[in-house]
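Residues per chain are reported as follows:
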Amino acid sequence: FLPHSILWDYTKDNSIYLGTFNGIFQSEDDGQTWNKIFDGIGVNSIIEDDGGTIYATANYKIYKKLLNQDFQELTDAPETGTGKLAYYNEKIFSENYQRLFYSEDSGETFIEIDSNEIVNPEAHFWDIRQIYPIESNKIILANDNGVSEVNILDKSGKQYSEIKDYSEINSLGISNNENYFVSSYWDHPGMASNDKGLTWTRLPEAFVESGVYFLDPKSSIYIERAENEFLVKSLEGVFPYSEKFNI
């Protein structure tokens, strides 16, 4: 099965959830065996909130799984575009091409922000590939216009100008303390930054059209999806040692 997304649920039962084109698979033994728990087609995101509720996208819809229950469709949720979700500080974020949505009531209702509402035209977004909240009201969007930083309250925004020419970004991975960004593009090598997007370094031997997920936010280790497998990789050697984390 082709993996599209991954969730490591270490807060409850140490389960691993793998979203694929053919549904969601769960492992409770560190990936040795897998059980299919959801039949949706094209599961592009799986996230978990602070209360242990799991959310996933499939077939342009959003589904919700309470503890010890099956996935149920959020019938009033907006359709998704690329199927990306994010969670931060009791907010669930979703998208549909030029529109960003967020919910403050566990997915019961959603507030919409259109790209054209953002004050700075350079930060306008479309075809969102990744959503990364970095503060309660501030998010980073990897999209076909580059990487935009948007404030959902005052509609201000900026674009990381150094990678503006690298349009149509496929995915973006950010460590929890924001020191590393890893981007991969449809037709360009991946790039990384350790100064919150001000400057970027091209990654060696980076896969094109691959997904990037951080495995350990306290280190430079990350997971890269390439074709039908996940690869564990490191940013060691990409930046000078003096600019790294103290691990």
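So, a few notes on the structure that sits alongside this text. (Residues numbered from 1 in each chain as written. Predicted model: local features only at pLDDT ≥ 70, side-chain atom pairs only at ≥ 80, totals over all residues. Heavy atoms only, no water.)

## Overview of the overall build of the protein
Helix and strand counts for the protein stand at zero helices and 23 strands. Out of the 247 residues belonging to the protein, those deemed buried represent 53%. Considering only contacts within the protein whose residues lie at least 6 apart along the sequence, 36% involve residues at least 24 apart. Carbon and sulfur atoms provide 45% of the accessible area of the protein, an area that totals close to 12000 Å². (Helix = DSSP H or I, 4+ residues; strand = E, 2+ residues; numbered from the N terminus. Buried < 20%, exposed > 50% of the residue type's maximum accessible area, 1.4 Å probe, protein only. Contact = heavy atoms within 4.5 Å. Areas by Shrake-Rupley, 256 points an atom, 1.4 Å probe, with all protein chains shown as cover.)

## Quick look at the sheet that holds strand β20 (residues 201–202)
Read from one edge of the open sheet, four strands run β17-β18-β19-β20, paired in antiparallel fashion. The sheet terminates laterally at β17 (169–174) and β20, the two strands that pair on one side only. Looking at chain direction, strand β18 (residues 181–185) and strand β19 (residues 191–193) are connected through three bridges and run antiparallel. Bridge pairing in β19 links Phe-181 to Ser-193. (Pairing = 2+ DSSP bridges.)

## A short note on the environment of Ser-94
One can find Ser-94 in strand β10 (residues 91–96). For Ser-94, a relative accessible area of 0% translates into the label buried. The sequence separation of Ser-94 and Ser-45 amounts to 49 residues, and the corresponding C-alpha distance is 10.0 Å. Residue contacts for Ser-94: discarding those within four places in its chain leaves Ile-62, Thr-80, Lys-84, Leu-85, Leu-100, Phe-101, Phe-110 and Ile-131.

## Details of the packing of aromatic side chains
Scanning the model with the defined rule gives three aromatic pairs in all. Judged by centre distance (5.0 Å) and plane angle (50°), the rings of Phe-38 and Phe-71 are tilted. In this pair, Phe-38 is assigned in strand β4 (residues 35–38) and Phe-71 in the loop between β7 (61–65) and β8 (72–73), connecting sequence segments 33 residues apart. Residues Phe-38 and Phe-71 agree in their burial class; the two are buried. Counting every residue linked through ring pairs, the aromatic cluster contains Phe-38, Tyr-63 and Phe-71. (Phe/Tyr/Trp six-rings, centres within 6.5 Å; stacked < 30°, edge-to-face > 60°.)

## Focus: the sheet that holds β7
Strand order in this open sheet of four strands is β5-β6-β7-β8, and the pairing throughout is antiparallel. The outermost strands of the open sheet, each flanked by one partner alone, are β5 (45–48) and β8. The pairing of β5 with strand β6 (residues 54–58) spans four bridges and is antiparallel. Counterpart to Ser-45 in the pairing with β6 is Thr-57.

## Concerning the environment of Gly-107
Within the secondary structure layout, Gly-107 lies in the loop between β11 (99–103) and β12 (111–114). Residues Gly-107 and Ala-77, spaced 30 residues apart in sequence, show a C-alpha to C-alpha distance of 6.9 Å.

## Digging into the pairing of β17
In terms of burial, β17 is largely enclosed, as six of its six residues are buried. In this sheet, β18 lies alongside β17 in antiparallel orientation, the contact comprising five bridges. Its bridge partner lying in β18, Ile-174 is registered against Phe-181.

## Brief notes about the side chain of Thr-82
By the element assignment, Thr-82 lies in the loop between β8 and β9 (86–88). By relative accessible area, Thr-82 is classed as buried at 16%. Once residues within four sequence positions are removed from consideration, Thr-82 is found in contact with Asn-44, Glu-95, Ile-128 and Arg-129.

## Considering the pattern of salt bridges
All chains considered together, the criterion is met by nine salt bridges. Between Lys-155 and Glu-117 there is a salt bridge whose closest N-O contact spans 3.1 Å. Residue Lys-155 is located in the loop between β15 (146–151) and β16 (157–159), and its partner Glu-117 is located in the loop between β12 and β13 (130–133); the two are separated by 38 residues in the primary sequence. A residue is classified by how much of its surface remains accessible, and Lys-155, at 21% relative accessible area, is partly exposed. (Salt bridge = Lys/Arg side-chain N within 4 Å of Asp/Glu carboxyl O.)

## Side note on unusual backbone geometry
Backbone phi values are negative for most residues with the exception of glycine, while trans is the configuration of most peptide bonds. A positive phi is found at Asn-59, a non-glycine position, where the angle reads about 55°. Its location among the elements puts Asn-59 in the loop between β6 and β7. The residue Lys-155 is not glycine, and still its phi comes out positive at about 65°.

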